[in-house]
Amino acid sequence: MEVRGIRNNNPGNLNYVGQAGTHLEKGVHPRFAVFATPEAGLMALRGQLLRYNQRDGLDTVRGNHQQMGTTDRE
């Protein structure tokens, strides 16, 4: 069985929020977006990371953890 992010063409496990060209995954606990292609999922992840940078000034994953008050060990 493939992992959820690969099965959904969503390597960032982005939550479904009505993104164009996506649908909500099926299953017992649906939460994540399903993209039509792996490339579409990667482009959405790119957009999210750029949003974190532009909106919050974050430029590393570590910076994201610090902003959220967590560590990368959690």
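Heads up: the structure comes first, above all this text.
Residues numbered from 1 in each chain as written. Predicted model: local features only at pLDDT ≥ 70, side-chain atom pairs only at ≥ 80, totals over all residues. Heavy atoms only, no water.

Caption draft 1: Structural context of helix H2 (residues 38–56). Here H2 is 19 residues long and its end C-alpha atoms lie 27 Å apart, about the 27 Å a rise of 1.5 Å per residue gives. What H2 keeps buried is the set Gly41, Gly47 and Gln48. Taken end-on, H2 shows its buried residues confined to a sector of 115°, consistent with a single buried face. Exposed and oriented more than 90 degrees from the buried face of H2 are Glu39, Met43 and Gln54. Looking at the buried positions of H2, the neighbouring elements they touch are strand E2 (33–35). The positive-phi residue at the C-terminal boundary of H2 is Gly57, with phi of around 75°. (Helix = DSSP H or I, 4+ residues; strand = E, 2+ residues; numbered from the N terminus. Expected span 1.5 Å × (residues − 1). Buried < 20%, exposed > 50% of the residue type's maximum accessible area, 1.4 Å probe, protein only. Arc of directions from axis to C-beta. Contact = heavy atoms within 4.5 Å.)

Caption draft 2: Local environment of the pattern of salt bridges. All chains considered together, the criterion is met by two salt bridges. Across the pair Arg55 and Asp56 runs a salt bridge, and its minimum N-O distance is 2.9 Å. (Salt bridge = Lys/Arg side-chain N within 4 Å of Asp/Glu carboxyl O.)

Caption draft 3: Up close: the side chain of Asn10. In this fold, Asn10 is placed in the loop between helix H1 (4–7) and strand E1 (22–24). Those residues within four positions of Asn10 in sequence are excluded, and the remaining contacts are Gly5, Phe32, Ala33 and Phe35.

Caption draft 4: The side chain of Glu25, seen in detail. On the secondary structure map, Glu25 appears in the loop between E1 and E2. What makes Glu25 buried here is its relative accessible area of 4%. Here Arg31 takes part through its backbone nitrogen, which lies 3.0 Å from a polar atom of the side chain of Glu25. There is a polar contact of 3.0 Å between the side chain of Glu25 and the backbone nitrogen of Phe32. Apart from residues lying up to four places away in sequence, Glu25 is in contact with Arg4, Asn8, Pro30, Arg31, Phe32 and Val34. (Polar contact = N/O pair within 3.5 Å; in protein donor to acceptor, adjacent residues only side chain to side chain.)

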